[in-house]
Amino acid sequence: LDWPLVTFASKLKIEANTAIVDRETDTGIDSVQISLPAVITADLRLNTPRYPKLPSIMKAKKKPVEALQAESFGVDLTIVNSVKHVDSPPPRPPGITVESVDDLISKLKAENAIP
């Protein structure tokens, strides 16, 4: 798409054709200005969740749930994939117990797992 990208946005402000994004980094908060359209990923502090109150939950329980048929949306539900067979993964070899860190390092070196 060749759009600008900003990750870990903790604050977002849109002005005309630009966006000012505060993003959290290891050293603090960076403020970045990018042109729109853009791809922005959110940090958890960007949104504050809304928690429903008990009276609202009770009202929602009393409302009827309308069941709709998929055909009314013009969706084709014919199955196009089929499973031929499923194989279990091969069993893992048993593990070993070593007496010390030196034994572990020597066994890993013998198996060329570490240099």
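A quick note: this is a predicted structure, and the numbers were derived from the prediction, not measured.

What counts, and where the lines are drawn
- Residues numbered from 1 in each chain as written.
- Predicted model: local features only at pLDDT ≥ 70, side-chain atom pairs only at ≥ 80, totals over all residues.
- Heavy atoms only, no water.
- Pairing = 2+ DSSP bridges.
- Helix = DSSP H or I, 4+ residues; strand = E, 2+ residues; numbered from the N terminus.
- Contact = heavy atoms within 4.5 Å.
- Polar contact = N/O pair within 3.5 Å; in protein donor to acceptor, adjacent residues only side chain to side chain.

A. Molecular detail of the pairing of strand E3 (residues 28–35). As judged from the 8 bridges shared by strand E2 (residues 18–25) and E3, these two strands associate in the antiparallel manner. Across the sheet, residue threonine 18 finds its bridge partner in E3, namely serine 35.

B. Inspection of the pairing of strand E1 (residues 5–15) at higher detail. For E1 and strand E4 (residues 39–42), the ladder comprises 3 bridges, and the chain directions are parallel. Within E4, the residue paired with leucine 5 across the bridge is valine 39. Here 6 bridges tie E1 to E2, and the two strands are oriented antiparallel to one another. Among the inter-strand pairings, glutamate 15 is bridged to a residue of E2, identified as threonine 18.

C. Fine view of the environment of arginine 23. Looking at the secondary structure, you find arginine 23 in strand E2. A sequence separation of 23 residues divides arginine 23 from leucine 46, and the C-alpha atoms of the two residues are 9.7 Å apart. Excluding residues that lie within four positions of it along the chain, arginine 23 makes contacts with Val6, Thr7, Phe8, Ala9, Ser10, Gly28, Ile29, Asp30 and Val32. A polar side-chain atom of arginine 23 sits 3.0 Å from a polar atom in the side chain of threonine 7.

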